[in-house]
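# Results of the structural survey
As a plain string of letters, each chain reads:
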Amino acid sequence: MKSTGIVTGIISNLVTVRIEGHVSQNEICYVKLGDERLMAEVIKVSGKNAFVQVYESTRGLKQGDTVEFEGHMLEVSLGPGLLSSCYDGLQNNLKTMSDVFLKRGEYTDPLDHEKKWQFIPIANVGDRVIAADWLGEVKEGWLPHKIMVPFAFKGEYTVKSIAGEGEYTIDDQIAVLTDAQGEDHKVTMVQKWPVKVAVGGYVEKPRPYRIMETGVRCIDTLNPIAEGGTGFIPGPFGCGKTVLQHAIAQQGDADIIVMAACGERANEVVEIFTEFPELIDPHTGRKLIERTTIICNTSNMPVAAREASVYTAMTICEYYRAMGMKALLLADSTSRWAQALREMSNRLEELPGADAFPVDLSAIISNFYSRAGIVSLHNGKTGSVTFIGTVSPAGGNMKEPVTESTKKAARCFYCLEQARADRKRYPAINPIESYSKYLEYPEIISYLNNKVNPDWVDKVNKAKNLVLRGKEVAEQINILGDDGVPVSYHEQYWKSELIDFVILQQDAFDKIDAITPMNRQEFMLTLVLEVCDHKFNFPSFEDCSAKYKEIINIMRQMNYSEFHGGAFNKYLEQVKNILSNEQ
Ligand code: ADP
Ligand code: MG
């Protein structure tokens, strides 16, 4: 028996309901308004009263209207067809731009029920299986989409029958599983997962131990992100958060990507709609959208739907992770998500925390970030969810609660800086403030040293120290004047500029410069450090800056040339000549 209720009060999207029966926290319900059914979620229960957050405008709703509770939490439908799709936070399929403005009470089906998929069985009759085990596979694009034992199945089952190779829709029966009590359960290609709790489906989640390459030098060389790791990109408006995330989406070493555009301005969502399907996947030459799911909410959608979108996105990633894939989740911007949390908590008249955000903002953000990770599955394979979110701190204030809370939760910090963006030093990641905690993990250090170069992490630290030292001497030169400091100070300064111009700055819009594979990053950093180690004996600071400017110009040309191509080798020769002539 489903519980029911009667509307007793309305404050914008928050509706108080007198309940008959029992309802649970986060349960989904529908508020009836004439012929319309408005989806809502229970956010507080107190005695006979429930507070529900309606995912739609509540205009016209009145006391006495009825509410039906569904008995389950907010769920998403998971199955073949998720990739190339665009959804809102409640997984309404937004096939066209007009769907972005769905009518109230209209919910569209997330998956195609007509389409036939070529199924290949993996499990055999008689196999003993548990939730998340692979029963078969279909090709989604060119990716193997595993059909898994539904995660809601508890305990061990025996495969009674399994469909043969052939074409099936997502609703066709592909297996029958018998439970310990001898009862049969039909399995199709679709399953439903609650979005706000992690469903698991793995044996263990070790600490991340390898790197996810992004092709962005500021990340891979200086502050690498681990596969299954977490990072965040705070930055004021216009500093390049979106450009950086798109670069990571295109280039990151991941099988599937989920882009959660949560509540940025409506025109940015239109941009995602028009631009994303055009992006080419540099790994395969195919369209990036073929292995991407987009979740988008604009700020004109009700807050609760915005709040749900990051969870929906994370759940889709976890589903693909259980198939043994590398999933990459990008959320732009998580500040809008936090603002949705704030609006909801304020309406509930909860005691506010800093800047009126909920008191448990930190815990909510940490819990969310902790769902990322690399996992070992029952069959010994690994899967991962790597998560990178942007934060847009109001007025660039890095001390505001969302930035502070996220800093505690995420292991990588890519701090975009207005001053660097103003000087067109893109990506505007501040090299001194930013960090990757993974560089302190012994397993990551040995991974990098094994994979890239035996002294790699030492080289990286050396480069970072040079940048820091450059900043210090720049301040001294600024105060004391060019002649007021020894030439060696100028040399220190120019070493940091060399690293800045050749390693840190990267043109996201140049075909070659945009993507730097790890072996190329290794080559360039080694060459830069070779220049920095060189004893030049400059007679004056003018000679020093002239020589370094010459080298910077040559090495920048290298970045724009094909690795080890004719032009590249010519510039390399020029650098080597400078180094040998000077000796
Ligand atoms: P945000 O999302 O932080 O508001 P955007 O990502 O939209 O900012 O970036 C704003 C502008 O900065 C871009 O339109 C682009 O001109 C410039 N930009 C940002 N990153 C780069 C980059 N790596 N290379 C070149 N230009 C960049
Ligand atoms: Mg942006």
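Refer to the structure above for everything that follows.
Report on the accompanying structure. Nothing here was measured: the structure is a model prediction, and the numbers come from that model.

### Quick look at the overall build of the protein chain
- The helix and strand tally for the protein chain stands at 14 helices and 25 strands.
- Principal-axis analysis of the C-alpha atoms places the extent of the protein chain at approximately 90 × 55 × 40 Å.
- Expressed as a percentage of contacts within the protein chain between residues at least 6 apart in sequence, the contacts between residues at least 24 apart total 70%.
- Taking the average location of the 62 positive side-chain charges in the protein chain and that of its 77 negative ones, the two points are 1 Å from each other.

### Description of the pattern of salt bridges
- Inspection of every chain in the model, using the stated rule, returns 29 salt bridges.
- Salt bridges here are not isolated pairs; linked through shared partners, they connect Lys 2, Arg 37, Glu 68 and Glu 70.

### Side note on the sheet that holds strand E15 (residues 175-178)
- Sheet architecture is open: four strands sit in the order E10-E13-E15-E16, paired in antiparallel fashion. With one partner strand each, in any of the chains shown, strand E10 (128-129) and strand E16 (184-187) form the two edges of the open sheet.
- Bridge count between strand E13 (residues 157-162) and E15: four bridges; the pairing is antiparallel. Bridged to Val 159 within E15 is Leu 177.

### Description of the packing of helix H11 (residues 487-504) against helix H13 (residues 541-559)
- Two elements in contact, H11 and H13, have axes separated by 10 Å at closest approach and are oriented at 10 degrees. Considering the angle they form, H11 stands roughly parallel to H13. Residues Val 487, His 490, Glu 491, Trp 494, Lys 495, Glu 497, Leu 498, Phe 501 and Val 502 of H11 form the contact with H13, whose own contacting residues are Phe 541, Cys 544, Ser 545, Tyr 548, Lys 549, Ile 551, Ile 552, Met 555, Arg 556 and Asn 559.
- A class-by-class count of the residues in the contact of H11 with H13 yields 11 nonpolar, three polar and five charged.

### Topic: the sheet that holds strand E3 (residues 27-33)
- Read around the barrel, six strands follow the order E1-E2-E5-E4-E3-E6 and close on themselves; strand pairing throughout is antiparallel. Put simply, the sheet's adjacent strands are angled 45 degrees from each other on average, direction ignored.
- Of the pairings in the sheet, the one linking strand E1 (residues 4-11) to strand E6 (residues 66-73) comprises three bridges and is antiparallel in character. For Thr 4, the partnering residue across the bridge sits in E6 and is Glu 68.

### What about the site of ligand 1?
- Taken together, the neighbourhood of ligand 1 is formed by 13 residues, with Gly 238, Gly 240, Lys 241, Thr 242 and Val 243 sitting nearest.
- Interatomic distance of 2.7 Å between a backbone N/O atom of Gly 238 and an oxygen atom of ligand 1.
- Measuring from an oxygen atom of ligand 1, one finds a side-chain N or O atom of Thr 242 at 2.7 Å.
- Across the complex, the protein chains shield 73% of the 570 Å² of accessible surface that ligand 1 would expose by itself.

Reading the values: the criteria
- Residues numbered from 1 in each chain as written.
- Chains lettered and ligands numbered in written order.
- Predicted model: local features only at pLDDT ≥ 70, side-chain atom pairs only at ≥ 80, totals over all residues.
- Heavy atoms only, no water.
- Helix = DSSP H or I, 4+ residues; strand = E, 2+ residues; numbered from the N terminus.
- Contact = heavy atoms within 4.5 Å.
- Lys, Arg positive; Asp, Glu negative; His and termini not counted.
- Charge placed at Lys NZ, Arg CZ, Asp CG, Glu CD.
- Salt bridge = Lys/Arg side-chain N within 4 Å of Asp/Glu carboxyl O.
- Pairing = 2+ DSSP bridges.
- Axes fitted to C-alpha atoms, helices over the stretch in contact; angles between N-to-C directions.
- Parallel < 35°, antiparallel > 145°, perpendicular 65-115°, else oblique.
- Nonpolar A, V, L, I, M, F, W, Y, C, P; charged D, E, K, R; others polar.
- Near = heavy atom within 4 Å.
- Polar contact = N/O pair within 3.5 Å; in protein donor to acceptor, adjacent residues only side chain to side chain.
- Areas by Shrake-Rupley, 256 points an atom, 1.4 Å probe, with all protein chains shown as cover.

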